[in-house]
Amino acid sequence: MQPARIAPRDRLIVALDLPSVASAEAMIDRLGDAVTFYKIGYQLGYAGGLILAKQLAGSGKKVFLDLKLHDIGNTVARGVESVAGLGATFLTVHAYPQTMKAAVEARAGSGLKVLAVTVLTSYDDTDLHAAGYRLNVSDLVEARARQAQALGVDGLVSSPEEAAALRKIVGDQMNLVTPGIRPAGSASGDQKRIMTPARAIAAGADYLVVGRPVMEAADPKASAEAIHAEIAQALA
Ligand SMILES: O=c1ccn([C@@H]2O[C@H](COP(=O)(O)O)[C@@H](O)[C@H]2O)c(=O)[nH]1
């Protein structure tokens with residue numbers, strides 16, 4: 001079920017959820033060769049992180065820009081064109097048809113892959129209903145995955161809880177990228193749909209996104225290496 005094309009150590013994507021480029025650079029130094037793939041989201045992106053993203057990509061690390069774009073199609077397309085020049089591997093957009101269509105068209109010819117965020121991993125059914133949706137999480141994730149696939153989106157962001165069902169729907173052509181990863185004993189924080197690294201890989205996730213369990217660890221490098229070991233064991 002797991003695509004052989006992904007190097008095992010690239011399956012861990014560490015979220016650089018930090019307040020400044022200086023703190024991110026210190027963390028990258030500390031993590032060294034334990035991390036090959038970094039995610040930059042709102043916190044660091046709005047604090048100079050897009051320049052860091054370009055430098056990281058230029059230095060041989062892989063970069064996931066988790067910008068979760070959602071706007072009118074023209075604005076999304078122009079934004080994606082700008083992001084395509086940064087050398088990132090992945091960019092997120094919210095899984096709305098106009099947004100996904102614009103992003104896919106705008107990334108054509110670049111190396112950038114567009115990921116659609118299906119339903120945020122901090123949401124459960126109650127949260128979705130409070131936001132005005134009638135569907136439950138699993139049905140909305142699946143409906144959005146089908147739309148994303150039909151529109152040519154490169155991958156999906158979901159909880160690992162949905163990974164097995166999504167694999168059946170989209171096969172192995174779309175990347176399944178899963179936040180909501182919590183090694184045994186880690187605090188869940190605001191995440192509501194979580195799994196351990198080993199269970200997420202066994203469920204069919206391609207990439208595991210991990211932030212606080214690494215960023216807040218006493219020894220972040222040891223934490224990342226422990227996740228790699230769990231991934232390797234699950235793949236064996
Ligand atoms: O549905 C989603 C989409 C994105 N994220 C991002 O992943 C990391 C998770 O961080 P943790 O500290 O491991 O919870 C964070 O940057 C989110 O913005 C997500 O959690 N869920």
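Keep in mind it's a predicted model, so treat the numbers as computed, not measured. Per-chain numbering applies: the sequence of each chain, read as written, is numbered from 1 onward. Owing to the predicted nature of the model, reporting of local features is limited to residues with pLDDT of at least 70; listing and counting of side-chain atom pairs is limited to 80 or more, with chain, interface and lining totals taken over all residues. With hydrogens and water stripped out, all remaining heavy atoms of the structure feed into the side-chain values.

K.L.:
What am I meant to see in the overall build of the protein here?
P.N.:
By the criteria applied, helices consist of DSSP H or I runs no shorter than four residues and strands consist of E runs no shorter than two, each listed in order from the N terminus. For the protein, the helix and strand inventory stands at 10 helices and 8 strands. Throughout, the radius of gyration refers to the C-alpha atoms, and the reference size of a globule is 2.2 Å times the residue count to the power 0.38. Taking 18 Å as the expected radius of gyration for a compact globule of 236 residues, we find that the protein reaches 17 Å, a close match to that expectation. Summarising its shape, the C-alpha atoms of the protein cover approximately 40 × 35 × 35 Å along the three principal directions. The cut-offs for exposure are 20% and 50% of the maximum accessible area for each residue type, with area from a 1.4 Å probe on protein chains only; residues under the lower value are buried, those over the upper are exposed, and the others partly exposed. Expressed as a percentage of the 236 residues in the protein, the buried residues total 50%. Here a residue-residue contact requires only that any non-hydrogen atoms of the pair lie within 4.5 Å. Taking all contacts inside the protein whose residues are at least 6 apart in sequence as the whole, residues at least 24 apart take part in 65%. In these tables, accessible area is a Shrake-Rupley quantity obtained with a 1.4 Å probe, and a residue counts as shielded only by the protein chains included in the view. As presented, the protein carries roughly 10,300 Å² of accessible surface, and 53% of it is formed by carbon and sulfur atoms. Residues counted as positive are Lys and Arg, residues counted as negative are Asp and Glu, and His and the chain ends are not counted. For this purpose, a charge sits on NZ of Lys, CZ of Arg, CG of Asp or CD of Glu. Separation between the mean location of the 24 positive side-chain charges and that of the 24 negative ones in the protein comes to 3 Å.

K.L.:
Is there a simple way to explain the packing of aromatic side chains in this structure?
P.N.:
The geometry of an aromatic ring pair is captured by two quantities: the separation of the ring centres and the angle between the planes. Put simply, two rings from Phe, Tyr or Trp (the six-membered ring, in Trp's case) pair if the centres are within 6.5 Å, and we call them stacked under 30 degrees between planes, edge-to-face over 60, tilted for the rest. Scanning the entire structure with this criterion turns up 5 aromatic pairs. Consider the rings of F37 and F90, whose centres lie 5.6 Å apart with planes at 20°: the pair is stacked. Here the residue F37 occupies a position in strand β2 (residues 37–40), and F90 occupies one in strand β4 (residues 90–94), the gap between them amounting to 53 residues. The two residues F37 and F90 agree in class, both being buried.

K.L.:
Before we go on, may I ask you to explain the UniProt feature "domain: Orotidine 5'-phosphate decarboxylase" (unreviewed entry) in the protein in this structure?
P.N.:
UniProt positions are given in the numbering used here, feature names are shortened, and annotations may be inferred rather than shown by experiment. The feature "domain: Orotidine 5'-phosphate decarboxylase" (unreviewed entry), as given by UniProt, occupies residues 11–227 in the numbering adopted here. As a span, residues 11–227 carries 45% helix and 17% strand, and end to end its C-alpha atoms are 10 Å apart.

K.L.:
Is there a simple way to explain the site of the ligand in this structure?
P.N.:
Lining the immediate surroundings of the ligand are 16 residues, of which D17, T121, R182, Q191 and R212 lie closest. The separation between an oxygen atom of the ligand and a polar side-chain atom of D17 is 2.7 Å. Measuring from an oxygen atom of the ligand, one finds a backbone N or O atom of R212 at 2.7 Å. Coverage of the ligand by the protein chains reaches 88% of its 460 Å² of free accessible surface. Residue assignment for the shell around the ligand shows that the elements contributing at least two residues are β3 (62–69), β8 (207–210) and α9 (212–215). In this text, near means that some heavy atom of the residue lies within 4 Å of the molecule or strand in question. Polar contact is defined as a pair of N or O atoms within 3.5 Å, subject to the rule that within protein one atom must be able to donate a hydrogen and the other to accept it, and that residues adjacent in sequence are counted only when both atoms are side-chain atoms.

K.L.:
Would you take a moment to explain the side chain of D206 for this structure?
P.N.:
Assignment of secondary structure puts D206 in the loop between α8 (197–203) and β8. Among the polar contacts made by the side chain of D206, one reaches the side chain of R167 at a distance of 2.7 Å. Only 2.8 Å separates the side chain of D206 from the backbone nitrogen of L176, close enough to count as a polar contact.

K.L.:
Looking at this structure, how should I read helix α4 (residues 97–107)?
P.N.:
Turn by turn, an α-helix covers 3.6 residues, leaving residues three or four places apart pointing in a common direction. Of the positions making up α4, those classed as buried are T99, M100, A102, A103, V104, A106 and R107. Looking at the buried residues of α4, the elements they touch are β3, α3 (73–84), β4, β5 (113–117) and α6 (137–150).

K.L.:
What's the story with the environment of G79 in this structure? I'm lost.
P.N.:
Within the element layout of this structure, G79 appears in helix α3. Taking the C-alpha atoms as reference points, G79 and T92, separated by 13 residues in sequence, lie 12 Å from one another.

K.L.:
What's the story with helix α1 (residues 21–31) in this structure? I'm lost.
P.N.:
Within α1, the full set of buried residues consists of A24, M27, I28 and L31. All buried residues of α1 fall inside an arc of 100° around its axis, so they share one side. Among the exposed residues of α1, those oriented more than 90 degrees off its buried face are A22 and D29. Packed against the buried residues of α1 are β1 (12–15), β2, α2 (42–58), α9 and α10 (220–235). Comment: arc refers to directions from the helix axis out to C-beta atoms.

K.L.:
I'm lost on unusual backbone geometry in this one. Help?
P.N.:
If a residue is not glycine, its phi is most likely negative; likewise, a peptide bond is most likely trans. For K68, which is not a glycine, the phi torsion comes out positive at approximately 45°. Within the fold, K68 resides in strand β3.

K.L.:
Help me understand the pattern of salt bridges in this model?
P.N.:
A pair can form between side chains of opposite charge whenever their charged atoms are brought close. The term salt bridge refers to a pairing of a side-chain nitrogen on Lys or Arg with a carboxyl oxygen on Asp or Glu at a separation within 4 Å. For the structure shown, the criterion picks out 12 salt bridges. Across the salt bridge formed by D154 and R107, the nearest N and O atoms sit 2.9 Å from each other. With a gap of 47 residues between them, D154 in the loop between α6 and β6 (155–157) and R107 in helix α4 connect regions that are remote in the sequence. Pair check on accessibility: D154 and R107 agree, each one buried.

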